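# Descriptive structure summary
This is what each chain is made of:
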Amino acid sequence: MHRAIIKSVGVLCAYAANQHLTNQVRGAKKLVNSNFKDLKIFLNDTPAQIEYLVNQYNTTKDKALSDLNNVGPLLGSRVQEQLGKEVRPALDAALTMAGAIRETKEALENVSVSVEVLQEGTERLHANLTDVKMHLSNTLNDSACSATQAASTCNIIRNSLNQLNINANFSGLPGVSSQLAKINDVLKIDLSSLVQKGYAAFNDTPDLVVNQTRNILSDIKNVLESIGSNITTFAKTLPVQKILADLTIYLTQSEAYVQDYFPVVEQYDFYRWLGCLILCCMVVLILIFYCLGLLCGTCGYDKHASPTTRGCISNTGGNFLMAGVGFSFLFSWVLMTVVVLTFVTGGNVEKLVCEPFEDKTLFKVLDTPYLLNQHWKNYLSGILFKNPNINLTFENVYSDCKENKGIYTSLQLEHLFNINEFLNISMYTEDVALKIEHIQINLSKIILLDEIGKENLLNFSSSGIEGINFAAYLAEINKSVTKVDLLSFANDLEARADQLPKGALENALKGHANNIRMIHNQQVIPLEQAMKYVKARSTLNQSIRLLKRTSSELTVKVKNVISAVNAAQLLINNNASLVIVQETKKYMDTIVGYFEQYIEWVKESIAMEVAACKPIANVIDTAVDIFLCSYITDSVNTFWFGLGGSSIFLIPAIIFAVKLSKYYRRMDTEDVYDDMENGNNGYHKEHLYGIHNPVFTSSVEQW
């Protein structure tokens, strides 16, 4: 029974493989159509990809034209930026000096006004103190002071009269009217306006660049247009369109051929499927006979029945077994022949084609020098380029296409058409660079500061403000209003008066003390605290200090400013050409860089993206790996394995069936061999004690 199960499994495997192959053949049409579709897309997209690469030159050209149209902001601003490193500090210093002139005028005016205010207050105080001192002196000269009791006190008071005087005397300060007059003469010329004109002239550098490069830029634009025309014309001269058109025609014809003959393939596959099905049915028929024989024989077997009296069912079982043996001998040679043929075919294809294809050993075999053509080292390059010495192998082409690289890289088409020569950047940028190098820019019209402005600065340096006695002014500002505190002096005077005898002298001195207090309250305190005088004193202090700072090394500062302006002007007039050359080269490198980027992008695209040959690798994979190996070879190997396994088990099945059938079949006579084997010496023997046995003889003759 287990042999029957094994044979059944083998038949099922063979049938499944047979049916699988038919199903795959029927489904191969869709796969083939998909491959043809990919190849059509491959051929149709390639011209569009090339056209796209060519058209992208317009993007590069437009960017270059944009930079050329903006030559002022680009080149002019770069030149201005480089020159501005010296020009702007010089102009800033001149503008700062113009501001210093205005501040100096304001400071001198503040000094004059403040001194006048302070002089007015101190002079009135001085007059009142002088008057009080005179009256007090007259009182002390009275005869009452000659008395013994008053003499010493009067002398003390008389000796302190010199303290009744002002301390800060602004009337003695030198005036600044001469310096102010000179500064006013300097300000008759607006130095700030002259400096702003210098700024404006320098800021017009981009416009000067635009005006002086207009003709050259027009020539460069014409060169760019001609380059674009040359690229377009050259692209049209390539034989790509003709080659692709021929390939498209061949592909269309191949597709039509496949479509026409695919029904024939399906028809022949049907014949193959039918033949394999018949072979499976042969094994199934034998298996059915054996199974029926076992079933009937087992069910009808009676161990007590003699061979001549066995039942009909048992006899039928034996006949089925013998029929299975007969069909086994009848069909076995066909089955074994088919198994051997499919084994040889499928096994060799698997070992010689499929496995080498999987690990790319097959391509290495095809790439063996002088194998396919005894005169060619490399067969593929000999076919494509008529040059077998080029190292172009099937393995490399397949690997590159598998990675979806461009066909230009995969087939090494640089040996047929070298794109690097066509895309040589120097070919296209030489004219552009030559035109840009001829750019000449003259900036001598830029005047930073004219001679009037420089003369104005020199006049400012000789205005005489450095001759002002700043120390005297600061000394008076820092002094107190009076030499002595009048309030304290008045209190002390009143205390002295109290020491004198009562009388007119005492009263007179106390009256003078009250006058001194009144002067302190009405004049000294306002001079110290009133806003008018406080502001005048503060303004005078600030103005004097500002003038002192401004006048410090004023001549040196002015000379430095004039030297910086002259140096910047010299740079513009004489050395600007070097800066212009450097910046023009950077500008040219930027323009040329656009073309270099375009060329590199085109090369990269052609190598990796244009006409990416993955569809070609897919066709090879479909033909070999999928159709030949997966569909056909795997199915054939499964078929011979299942059918062969079933056929192998026919041999023990025959032996088993022959030996088993004699226990199931009904015999015409008893089987003497069994009795003899069992040691029975009865009448079944041919000779019984020398007497001939006719029964045995007739039984042997029937056999």
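Residues numbered from 1 in each chain as written. Predicted model: local features only at pLDDT ≥ 70, side-chain atom pairs only at ≥ 80, totals over all residues. Heavy atoms only, no water.

Applying the stated criterion across every chain, the model contains three cavities of 30 Å³ or more. Of the volumes computed, that of the largest cavity is approximately 50 Å³. When its residues are assigned to classes, the lining of the largest cavity shows five nonpolar, three polar and two charged. (1 Å grid on protein atoms, 1.4 Å probe; cavity = no way out; pocket = protein on both sides within 12 Å on 5 of 7 lines; lining within 4 Å. Points joined across faces, edges and corners; volume = space filled by probe spheres on them. Nonpolar A, V, L, I, M, F, W, Y, C, P; charged D, E, K, R; others polar.)

This next bit is on the state of the cysteines. This structure, assessed with the given rule, holds two disulfides. With its sulfur 2.0 Å from that of its partner, cysteine 354 forms a disulfide with cysteine 629. An S-S torsion of about -105 degrees defines the bridge between cysteine 354 and cysteine 629 as left-handed. Of the two residues, cysteine 354 sits in helix α9 (residues 312-358) while cysteine 629 sits in helix α22 (residues 614-648), which places them 275 residues apart along the sequence. Residue cysteine 629 is classed as buried on the basis of its relative accessible area of 5%. (Disulfide = S-S within 2.5 Å. Helix = DSSP H or I, 4+ residues; strand = E, 2+ residues; numbered from the N terminus. Buried < 20%, exposed > 50% of the residue type's maximum accessible area, 1.4 Å probe, protein only.)

One can find leucine 285 in helix α8 (residues 240-300). Overall, the relative accessible area of 30% leaves leucine 285 in the partly exposed class. Here the alpha-carbon distance between leucine 285 and glycine 324, two residues 39 residues apart in the chain, equals 7.9 Å. Discounting chain neighbours no more than four positions away, the residues touching leucine 285 are Phe327 and Phe331. (Contact = heavy atoms within 4.5 Å.)

Moving on, we come to unusual backbone geometry. Even without glycine at this site, asparagine 404 takes up a positive phi of about 65 degrees. Its location among the elements puts asparagine 404 in the loop between α12 (394-402) and α13 (407-410). Overall, the relative accessible area of 35% leaves asparagine 404 in the partly exposed class.

This paragraph deals with the nonpolar core. In terms of nonpolar packing, the biggest core is built from 108 residues, with Leu83, Leu443, Leu448, Tyr473 and Leu540 touching the most fellow members. With 19 residues, the top contributor of residues to this core is helix α21 (residues 554-608). With sequence-adjacent residues up to four places away left out, leucine 443 is seen in contact with Val79, Leu83, Thr205, Leu208, Ile572, Ala576 and Ile580. Grouped together as the second largest cluster of nonpolar side chains are 24 residues, Tyr290, Leu643, Ala653 and Leu660 included. (Core = buried A, V, L, I, M, F, W, Y, C linked by side-chain atoms within 4.5 Å.)

Read these as layout, nothing more, since geometry by itself doesn't imply function.
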